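Chain and residue survey
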Amino acid sequence: MKKLNIFVLMLVAVTTLNITSCSDDDFTDTIFPVKSEKLDRSLYTFPLDTFVKVNFQEPYNMRYLYKLQDIGSDMDYNLTPCSYDQCVNLAVLNKYLWYDVYRDVVGDEFLKKYSPRVMHIIGSPAYNPTSGTIKLGTAEGGLKITLYNAESLAPSDLDKLNEYFFKTMHHEFSHILHQNVNYPVDFNLISSTFYNSAGWQDTPDSVSLGQGFVSNYASSQAREDWVETIANYIVKDSITWEGMLDGAKNSWELSTDVNYKHWKACDAKVKAGVAHRDSVGYYWKVGTTSGGDTVTIQAYRKYIQRNAEGYAVPDANGKIVYLSVVDKSGTETGKDVILKKLQMCREWLKTNFNYDIDKVRDAVQKKQYLYDDKGYLVKDSKGRPINKLTYVRPDGTTLMQELRQMVEKYKALQTTK
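Cut-offs and rules
- Residues numbered from 1 in each chain as written.
- Predicted model: local features only at pLDDT ≥ 70, side-chain atom pairs only at ≥ 80, totals over all residues.
- Heavy atoms only, no water.
- Helix = DSSP H or I, 4+ residues; strand = E, 2+ residues; numbered from the N terminus.
- Buried < 20%, exposed > 50% of the residue type's maximum accessible area, 1.4 Å probe, protein only.
- Contact = heavy atoms within 4.5 Å.
- Core = buried A, V, L, I, M, F, W, Y, C linked by side-chain atoms within 4.5 Å.
- Expected span 1.5 Å × (residues − 1).
- Polar contact = N/O pair within 3.5 Å; in protein donor to acceptor, adjacent residues only side chain to side chain.
- Salt bridge = Lys/Arg side-chain N within 4 Å of Asp/Glu carboxyl O.
- pLDDT = per-residue confidence, 0-100.
- Pairing = 2+ DSSP bridges.
- Phe/Tyr/Trp six-rings, centres within 6.5 Å; stacked < 30°, edge-to-face > 60°.
- Axes fitted to C-alpha atoms, helices over the stretch in contact; angles between N-to-C directions.
- Parallel < 35°, antiparallel > 145°, perpendicular 65-115°, else oblique.
- Left-handed = near helix turned anticlockwise from the far one by under 90°.
- Nonpolar A, V, L, I, M, F, W, Y, C, P; charged D, E, K, R; others polar.

**So, the overall build of the protein**
Within the protein one finds 12 helices and 12 strands. Looking at the 417 residues of the protein, the share that counts as buried comes to 47%. The contacts of the protein with a sequence gap of at least 6 include a subset with a gap of at least 24, amounting to 69%.

See below:
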């Protein structure tokens, strides 16, 4: 029976500082002791402790904390540590999918100067019961990144792996970069009429795309929009990214007084107050009339051809006619806006950090998905990219098993008390 090993380490609290630079310029040569303590070879965690020291602390002066730091955690949440086995998975993937990419594409000096000095791994999610959202990660003062929900890590599910970890890593790292060099102030004006810091979580992703955001969280505020644009572009496979851009060509309207008789199909879900989607809209119940015949609901609807009464006017073949209506500026679709934002990010990264986002994206894609000898993406029978991490190679092994060996090899150095 496999033993589940969970370790908790209580450390002395360190006062949080508002630091705008993540380099060591304001410190001595290192913010950690020059002579680190000798690792205990008798500990069960010795292999991972050694891997972390060799691959993170020594080359990049980064303390990788996978044993839950009680006082270093956000005390507003009930948090739990991550199991050792999952900590191994996340550590080797962090090296493979994140550190190795930036090292190879942007360079070691870039990482030494800008990579986080502390990375803290939390096993459980950080739920916000008030907003109904989950915190995926935080970047604190250009110094520390915290990743949550590590116990759910699943290398076989790249969408989830990216959403909870590697998109989050690129997202939080982009915060660190703009805490060092401000992003262009003109970016704040592109979608200023659509930002919604209080209710972004209630906006469907497809509606956000039509407004020019790569995710609904990007619509919360400009600085989140900036880093979400960078992070999503890096981790989304080409099929998904092109699908997002195609969906962003659709524009949406918001109606807050829709006659219930028009929407008989969503009767049960509207009465239950549950979000509902049909072919042209999303709906939420917000109230009922005393007579019960009509309800007032909020409806996000795709712009389509309608008559004066609001009914859809189909074409000669009876199909809905989607109108090419642009955003409030009257000049651009959501796709145009996203690409404009991406270009601004691209130029800023290249100018200030010599960071080529297209090369970073290409490196990430080739590490995540299977490509053939000619450099073409390999797809499964359903036309989806094949997960390179868990793909079973001709010799019966997987890349994930190979990556874990970077930690397992240190077991040979272990001793027993």
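**Topic: the environment of Ser83**
Within the secondary structure, Ser83 sits in the loop between β3 (68-69) and α2 (84-105). Separated by 67 residues in the primary sequence, Ser83 and Ala150 place their C-alpha atoms 8.6 Å from one another.

**Regarding the nonpolar core**
Judged by nonpolar contacts, the single largest core of 77 residues is most densely connected at Leu48, Tyr64, Tyr102 and Tyr355. Per element, the largest residue contribution to this core is 13 residues, and it comes from α2. For Tyr102, the residues in contact, after removing those within four places along its chain, are Gly107, Phe110, Leu111, His170, Phe173, Ile234, Tyr355 and Val360.

**A word on helix α11 (residues 357-368)**
With 12 residues, α11 should reach 16 Å at 1.5 Å per residue; the first-to-last C-alpha distance of 16 Å fits that figure. In this structure, the buried residues of α11 make contact with α2, α4 (158-180), α7 (222-235), α8 (238-247), α10 (334-353) and α12 (399-408). Its side-chain oxygen placed 3.0 Å from the backbone nitrogen of Asp358, Asp356 serves as the N-cap of α11.

**With respect to α12**
Residues of α12 that are buried include every one of Leu399, Met400, Leu403, Arg404, Val407 and Glu408, and no others. On its buried side, α12 packs onto α1 (46-60), α2 and α11.

**Side note on the pattern of salt bridges**
Enumeration according to the criterion identifies 17 salt bridges in this entry. The closest approach of N and O atoms between Arg346 and Asp358, which form a salt bridge, is 2.8 Å. Pair noted here: Arg346 is in helix α10 and Asp358 is in helix α11, with a separation of 12 residues, a long-range link. The partly exposed category is assigned to Arg346, whose relative accessible area is 21%. Judged by its relative accessible area of 29%, Asp358 falls in the partly exposed class. With a shortest N-O distance of 2.9 Å, Lys411 and Glu408 are connected by a salt bridge. Here the salt bridges share partners, and the residues they tie into one network are Asp85, Arg404, Glu408 and Lys411.

**A closer look at the confidence of the model for the protein**
Averaged over all residues, the pLDDT of the protein equals 80, while 74% of them reach at least 70. Confidence drops under a pLDDT of 50 for residues 1-28, and excluding neighbours within four residues, the segment shows 49 contacts in the predicted structure. Confidence drops under pLDDT 50 across residues 260-265; counting only partners more than four residues distant or on other chains, this segment forms 13 contacts.

**Quick look at the pairing of strand β8 (residues 144-147)**
Neither face of β8 is open: one carries Lys144 and Thr146, the other Ile145 and Leu147, and all of them are buried. When strand β4 (residues 118-121) meets β8, the two strands line up parallel, connected through four bridges. Bridge pairing in β8 links Ile121 to Leu147.

**Observations concerning the packing of aromatic side chains**
Across all of its chains, the model carries 25 aromatic pairs by this definition. Between the aromatic rings of Tyr44 and Tyr84, the centroid separation amounts to 5.1 Å while the plane-to-plane angle is 65°, which identifies the pairing as edge-to-face. Remark: Tyr84 occurs in helix α2 and Tyr44 occurs in the loop between β1 (8-9) and α1; sequence separation between them is 40 residues. Given the relative accessible area of 45%, Tyr44 is considered partly exposed.

**Topic: the packing of α4 against α7**
Axis separation between α4 and α7 bottoms out at 8 Å; the angle between their running directions is 130°. In terms of their interaxial angle, α4 and α7 are classed as oblique. The two elements α4 and α7 cross, and the hand of that crossing is right-handed. Contacts from Asn162, Phe166, Lys167, His170, His171, Ser174, His175 and His178 of α4 reach α7 at Arg223, Glu224, Trp226, Val227, Glu228, Ile230, Ala231, Asn232, Ile234 and Val235. Counted by class, the contact of α4 with α7 contains seven nonpolar, seven polar and four charged residues.

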